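Understanding the architecture of this molecule
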Amino acid sequence: PSVPSRHGAVKAEDTFKTSPFHLDLWFYFTLQNWVLDFGRPIAMIILPLEWFPLNKPSAGDYFHMAYNVITPFLLLKLIERSPKTLPRSMVYVSIITFVMGASIHLVGDSVNHRLIFSGYQHHLSVRENPIIRNLKPETLIDSFELLYYYDEYLGHSMWYIPFFLILFIYFTGCFTPAAEQSRMPLAALLLVGPSSLYYWYLVTEGQIFILYIFTFFAMMALVMHQRRKGLVLDSNGLFLFLSFIITLLLIAAWVGWLWNDKTLRKKYPGVIYIPEPWAFYTLHMNNLHAAKDG
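Rules used in this analysis
Here the residue index of a chain counts from 1 through its sequence in written order. In view of the model being predicted, local features appear only for residues whose pLDDT reaches at least 70, and side-chain atom pairs are presented and counted only at 80 or more, with totals across whole chains, interfaces and linings using the full set of residues. Side-chain numbers come from the whole structure's heavy atoms, not from hydrogens or water. Working definition: helices are DSSP H or I runs of at least four residues, strands are E runs of at least two. Numbering for both runs from the N terminus. Three exposure classes are used, based on accessible area relative to the maximum for each residue type with a 1.4 Å probe and protein chains only: buried under 20%, partly exposed in between, and exposed over 50%. Any two residues having at least one pair of non-hydrogen atoms within 4.5 Å are treated as being in contact. Computed by Shrake-Rupley with a 1.4 Å probe, the accessible areas treat only the displayed protein chains as cover when residues are assessed. In the analysis that follows, any N or O atom pair within 3.5 Å is treated as a polar contact, provided that within protein one partner can donate a hydrogen and the other can accept it, and provided that, for residues neighboring in sequence, both atoms belong to side chains. UniProt positions are given in the numbering used here, feature names are shortened, and annotations may be inferred rather than shown by experiment. In this scheme Phe, Tyr and Trp rings, the latter by its six-membered ring, pair at centre separations within 6.5 Å, and the angle between planes marks the pair as stacked below 30 degrees, edge-to-face above 60, and tilted otherwise. In our convention, an over-ring charge means Lys NZ or Arg CZ found within 6 Å of a ring centre and within 35 degrees of that ring's normal. Lines are fitted to the C-alpha atoms to define the axes, a helix being fitted only along its stretch in contact, and any angle between axes, read from their N-to-C directions, falls within 0 to 180 degrees. Every angle not falling under 35 degrees, over 145, or within 65 to 115 is termed oblique; those three ranges are roughly parallel, roughly antiparallel and roughly perpendicular. A crossing counts as left-handed when the near helix is turned anticlockwise from the far one by less than a right angle, and as right-handed when that turn is clockwise. Confidence scores here are pLDDT values: one per residue, from the predictor, ranging 0 to 100.

The subject of this paragraph is the overall build of the chain. Counting secondary structure elements, the chain contains eleven helices and two strands. Listing every helix and strand of the chain by position from the N terminus yields α-α-α-α-α-β-α-α-β-α-α-α-α. Out of the 294 residues in the chain, the part that is buried amounts to 49%. A fraction of 79% describes how many contacts in the chain between residues 6 or more apart in sequence connect residues 24 or more apart. Of the roughly 14,600 Å² of accessible surface on the chain, 68% is carried by carbon and sulfur atoms.

Structure below.
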C-alpha cells in the first residue's frame with residue numbers, strides 16, 4: 001500500500017531503488033565530526049584561557065553546541081536520501097533522544113574537561129584524583145561522581161545508542177540487485193580513512209565498544225541475509241560498512257599497543273580493555289601544567 005509519508009511503512013518497490021554516493025553529506029558529516037567533536041578538547045587547550053574564563057563556557061562548549069544542532073540535521077538529511085522508506089516514529093524518537101543525550105553530555109563534559117586546569121587526571125577514577133579525594137565535606141565527592149555518571153554513562157548512552165541506531169536504519173536501505181552499483185567512487189575511498197579514524201575515536205573515547213560491535217555484527221548479518229536474496233550493498237552502504245571494518249582494525253591496534261600499560265589497566269579493569277585517548281593523553285602526553293608553571 002502507498003504511504004504519503006517519506007518515513008512511513010516500508011513499501012515493497014523501495015527495496016530495488018538505488019541512490020548515488022552522497023558525497024556532500026558524507027563529507028560534511030566527516031568534517032563536522034572531526035572539527036566539532038574531536039576538536040572540542042583540543043580547542044579548549046590551545047586557545048588562551050583568558051578568552052574563556054573557567055566560570056564561562058569554553059570554546060569546546062560552543063563546538064559541542066554546534067555539533068548538537070548540525071549532527072541531527074545531517075542524520076535527518078541522510079535518512080531522507082535513503083532509497084527505502086524508513087520507520088518515521090523510530091527515526092524521530094532516535095533523533096530526540098540523541099539531542100537530549102548529547103546535551104546532557106555537553107554539561108558534564110564541559111566541567112570535567114575544565115577540571116584539568118585544576119589538576120584533574122582523567123586516567124584516575126573520581127575518588128582517586130588528588131584534587132577530589134581531599135574535598136570537604138565528603139558528600140561533595142558524591143556530587144562529582146554524579147557529574148561523571150551524567151557525562152560518561154547516561155549522556156553517552158542517550159547520545160550513542162540512537163546515533164548507531166539511525167546509522168543502522170539507514171544501512172538497511174543500502175541494498176541493490178545491480179552489481180555495478182556496489183562500487184565506491186574515488187571520493188568515497190578518500191573519505192573512508194578519516195571516517196574510520198573518527199569512529200575509532202568515538203568508540204574508544206566514548207567507551208561504547210559493545211554498542212559498536214553489536215551494530216557491526218547486525219550489519220554483517222544483514223549483508224549475508226540480503227546476499228541470499230541476490231542483493232548487494234550500494235556505494236553508500238559499502239562506504240559505511242568498510243568504515244566500520246577499518247574501525248575494528250584500528251581498535252585492535254590501539255588495544256595491542258597499550259596492552260601492557262599497568263596504569264591504564266587499573267583504570268579500565270575487566271574483560272574488555274579499551275583505554276580512552278584522553279586518559280592516555282593526561283597520563284603520557286600532558287605538558288599543560290608544566291607550561292603554566294613555566
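With respect to the helices and strands, the residue D234 is situated in the loop between β2 (232-233) and α8 (235-257). Given the relative accessible area of 1%, D234 is considered buried. At a separation of 2.8 Å, a polar atom in the side chain of D234 contacts the main-chain amide nitrogen of G237.

Our focus in this paragraph is the UniProt feature "transmembrane region" (unreviewed entry) in the chain. Following the UniProt record, one finds the feature "transmembrane region" (unreviewed entry) at residues 62-79, 91-108, 159-179, 186-202, 208-225 and 237-259. Annotated as 100% helix and 0% strand, the span residues 186-202 places its first and last C-alpha atoms 25 Å apart. Taken end to end, residues 237-259 has its terminal C-alpha atoms 33 Å apart, with 91% of it in helix and 0% in strand.

All right, on to the packing of aromatic side chains then. Throughout the structure, instances matching the rule amount to 32 aromatic pairs. Consider the rings of F164 and F244, whose centres lie 5.9 Å apart with planes at 80°: the pair is edge-to-face. Highlighted residues: F164 in helix α5 (residues 139-171) and F244 in helix α8, separated in sequence by 80 residues. Owing to a relative accessible area of 2%, F164 belongs among the buried residues under this scheme. Taking NZ or CZ as reference, R265 lies 4.1 Å from the ring centre of W259, over its face. Note that R265 overlies the ring of Y273, its terminal NZ or CZ placed 4.1 Å from the centroid.

Along the chain, P130 falls in helix α4 (residues 130-133). In sequence terms P130 and G119 are eleven residues apart; their C-alpha atoms lie 8.0 Å from each other. The contact partners of P130, leaving out residues within four places of it in the chain, are Q121 and L124.

A separate point is the packing of helix α2 (residues 59-80) against α5. One way to put it is that α2 packs onto α5 with a least axis distance of 10 Å and a crossing angle of 25°. As judged from the angle between their axes, α2 and α5 are roughly parallel. With respect to the hand of their crossing, α2 and α5 are arranged in left-handed fashion. Residues H64, Y67, T71, L75, L78 and I79 of α2 touch α5, and the partners they reach there are W159, F163, I166, L167, I169 and Y170.

Attention shifts here to the confidence of the model for the chain. Taken as a whole, the chain shows an average pLDDT of 85; of its residues, 89% reach a score of 70 or greater. Across residues 1-15, where pLDDT falls below 50, the model places 31 contacts with residues more than four positions away in sequence or in other chains. Segment residues 287-294: pLDDT under 50, and seven contacts once partners within four positions in sequence are set aside and those in other chains are kept.

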